[in-house]
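# Analysis of the macromolecular model
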Amino acid sequence: MHFNNNFFWGGATAANQIEGAWNIDGRGPAKTDVTTGGTFNSPRLVTYIDKDGNPNTLTRLQKLPDGGHYAVLDNYLYPNHDGIDFYHRYKEDIALFAEMGFKMFRMSISWSRIYPKGIEEKPNQAGIDFYKNVFKELRKYNIEPLVTIWHFDTPLYLEETLGGWKNRQLIDYFEKFARTCFTEFKGLVNYWITFNEINNTINFLPDEMDDSYFQDAYQHLHNQFVASARAVKIGHEIDKNNVIGCMICGITYYPLTCNPQDILFNHEKWQQGIFYCGDVQCFGKYPYYAKKLWDKHNVHLDITEQDLKDLAEGCVDMYTFSYYVSQAVTVSKDAEKAQGNMSFGVKNPYLEYSKWGWATDPDGLQYYSELIYDRYQRPLMIVENGLGAIDHVESDGSIHDDYRIDYLRSHIKSMKKAINNGVDIIAYTTWGCIDLVSASTGEMRKRYGFIYVDKNDDGTGSYSRSKKDSFYWYKKVISSNGEDLD
Ligand code: BGP
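### Concerning the overall build of the chain
When you go through the chain residue by residue, the secondary structure sums to 14 helices and 15 strands. The C-alpha atoms of the chain give 21 Å as radius of gyration, which agrees with the globular expectation for 486 residues (23 Å, within 12%). Taking all 486 residues of the chain together, 60% fall into the buried category. The contacts of the chain with a sequence gap of at least 6 include a subset with a gap of at least 24, amounting to 73%.

### Thoughts on the pattern of salt bridges
In total, this model carries 34 salt bridges according to the counting rule given. For Glu-19, the salt bridge identified is with Arg-113, shortest N-O distance 2.8 Å. Here the residue Glu-19 occupies a position in the loop between α1 (15–18) and β2 (45–49), and Arg-113 occupies one in helix α3 (residues 111–114), the gap between them amounting to 94 residues. Overall, Glu-19 belongs to the buried group, its relative accessible area being 3%.

### Digging into the site of the ligand
Near the ligand there are 14 residues, and of these Glu-197, Ala-439, Ser-440, Lys-446 and Tyr-448 occur at the shortest range. Between His-151 and the ligand, the recorded distance is 2.8 Å, taken from a side-chain N or O atom to an oxygen atom. Ser-440 places a polar side-chain atom, nitrogen or oxygen, 2.4 Å from an oxygen atom of the ligand. Bound to the protein, the ligand loses 96% of the 380 Å² it would expose on its own. Counted by class, the shell around the ligand contains six nonpolar, five polar and three charged residues.

### Here we look at helix α2 (residues 86–100)
Along its 15 residues, α2 runs just 18 Å from first to last C-alpha, ending more than 12% under the 21 Å computed at 1.5 Å per residue. Helix geometry: α2 is bent most strongly at Glu-92, by close to 40°. Within the sequence span of α2, burial applies to Phe-86, Tyr-87, Tyr-90, Asp-93, Ile-94, Leu-96, Phe-97 and Met-100. Directly after α2, the chain includes Gly-101, whose backbone phi takes a positive value near 95°.

### Some thoughts on the sheet that holds strand β8 (residues 243–255)
On the basis of which strands lie adjacent, the closed barrel formed by eight strands has the order β1-β5-β6-β7-β8-β9-β12-β13 and parallel pairing. Recorded for the sheet is a direction-independent mean angle of 30° between the axes of neighbouring strands. Sheet strands in contact with helix α4 (residues 125–140) are β5 (104–108) and β6 (144–150), and its direction is about 170° off that of β5. Across the sheet, helix α14 (residues 469–479) is in contact with β1 (8–12) and β13 (425–431); its angle to β1 comes to roughly 150°.

### Observations regarding the sheet that holds β2
Pairing in this open sheet of three strands is antiparallel, and the strands run β3-β2-β4 from one edge to the other. The open sheet has two free edges, formed respectively by β3 (55–59) and β4 (69–70), since each of these has just one partner strand. By the bridge criterion, two bridges tie β2 to β4 in an arrangement that is antiparallel. Bridge pairing in β4 places Tyr-48 opposite Tyr-70.

Cut-offs and rules
Residues numbered from 1 in each chain as written. Predicted model: local features only at pLDDT ≥ 70, side-chain atom pairs only at ≥ 80, totals over all residues. Heavy atoms only, no water. Helix = DSSP H or I, 4+ residues; strand = E, 2+ residues; numbered from the N terminus. Rg over C-alpha atoms; globule rule 2.2 N^0.38 Å. Buried < 20%, exposed > 50% of the residue type's maximum accessible area, 1.4 Å probe, protein only. Contact = heavy atoms within 4.5 Å. Salt bridge = Lys/Arg side-chain N within 4 Å of Asp/Glu carboxyl O. Near = heavy atom within 4 Å. Polar contact = N/O pair within 3.5 Å; in protein donor to acceptor, adjacent residues only side chain to side chain. Areas by Shrake-Rupley, 256 points an atom, 1.4 Å probe, with all protein chains shown as cover. Nonpolar A, V, L, I, M, F, W, Y, C, P; charged D, E, K, R; others polar. Expected span 1.5 Å × (residues − 1). Bend = angle between axes of the 7 residues up to and from the residue. Pairing = 2+ DSSP bridges. Axes fitted to C-alpha atoms, helices over the stretch in contact; angles between N-to-C directions.

Right, here's the structure in full:
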């Protein structure tokens, strides 16, 4: 079996995790800019000033208390402020991607770089120029940009004054932002993703949270579905060559046992965690089981007739997903819990877990791809996959990251099997092809890259770039079009 000659090998990033330059050239702040660094054991916090003027913190799930406003506080570290300084170093980074032979580079657009508060009449020209320059630089090397319009970074103003995505006014603001992107970047970008890991909003909400959290989360999602559908429509109108996808955090769920109760529970996990979002965005309407999910938490959604029309008219062209882990689930209260932010399930005795508690399961990627293709019958892109690990720099500067190579090799083999079985996978962009700030923990030491960035968790470092062993390995994988994986 061979990969198609036009298969998109590449890497993936997100604006807030790489760009830095958080407050220059007219960019407004986003929620990630008031989110501190964290570790595996101490979660990232959101900082704010309370109604009495006192500095305070929230967990990322907690709501901003009345009268409070988000703020950057002294004595906290905000790793996204500087990212890896891609804003100033993109030419060097893209040259390295080109050296590896990338065919595709996934990146996102920071909303608040284009509309600093989200509500302005006119976009920020400096922001538009920056992205145009990046796209042109990519095109210089024949690297196809894959652009995520929203990757976890709503302008802070919209979060604070309108309460974020649970407020349907955000649909209109997003529509305007998306229209600006499609118009300004026409001819430079053809592959788009509307919302990154849209399913996280409900999938990572612990079941024990009170119903009001579910109410907000499902409304937030509904508003994003409508915003996404409108963006798909506009994107097609502006350029009929645009190919636009949804993006789902792909987790393969397994029942821990063949107890029928576990099977049913697992089935519901797929519905709530994975299919709910894919069904709405691929089929253009809510699935039959939606009411069951809403009723479970007394959710009553504000859905208009126009929303339903928009959903029906804005189906995506492709299904893109991230894949890192699988999860075992059971109704039993005695099973050993898996640790880690992506592992709400229980421990799977057949798998190994990373330092951050993520289960390594290449077979799960084949299973996920086949199941999803079977359901939606449209092209798939694997737009995130990789191993977050601690790298050691040897005295001569080399970095022997064979663990990363092993992880990626096994997943590419699994992807190959799915393709061999008839699944139409058209792209594979590994996550964090250059080291970047971790989304979940804010760490730098949780590294994914082929390219090492000399930046530490405390923000120190030269930010210089160097090539890991995996850099040369991936270059060979791409030049052999996936034939040579050794
Ligand atoms: C996904 C996000 C990315 C990315 C990745 C790895 O959920 O789309 O933004 O960060 O996970 O996660 P982490 O950075 O927490 O290791």
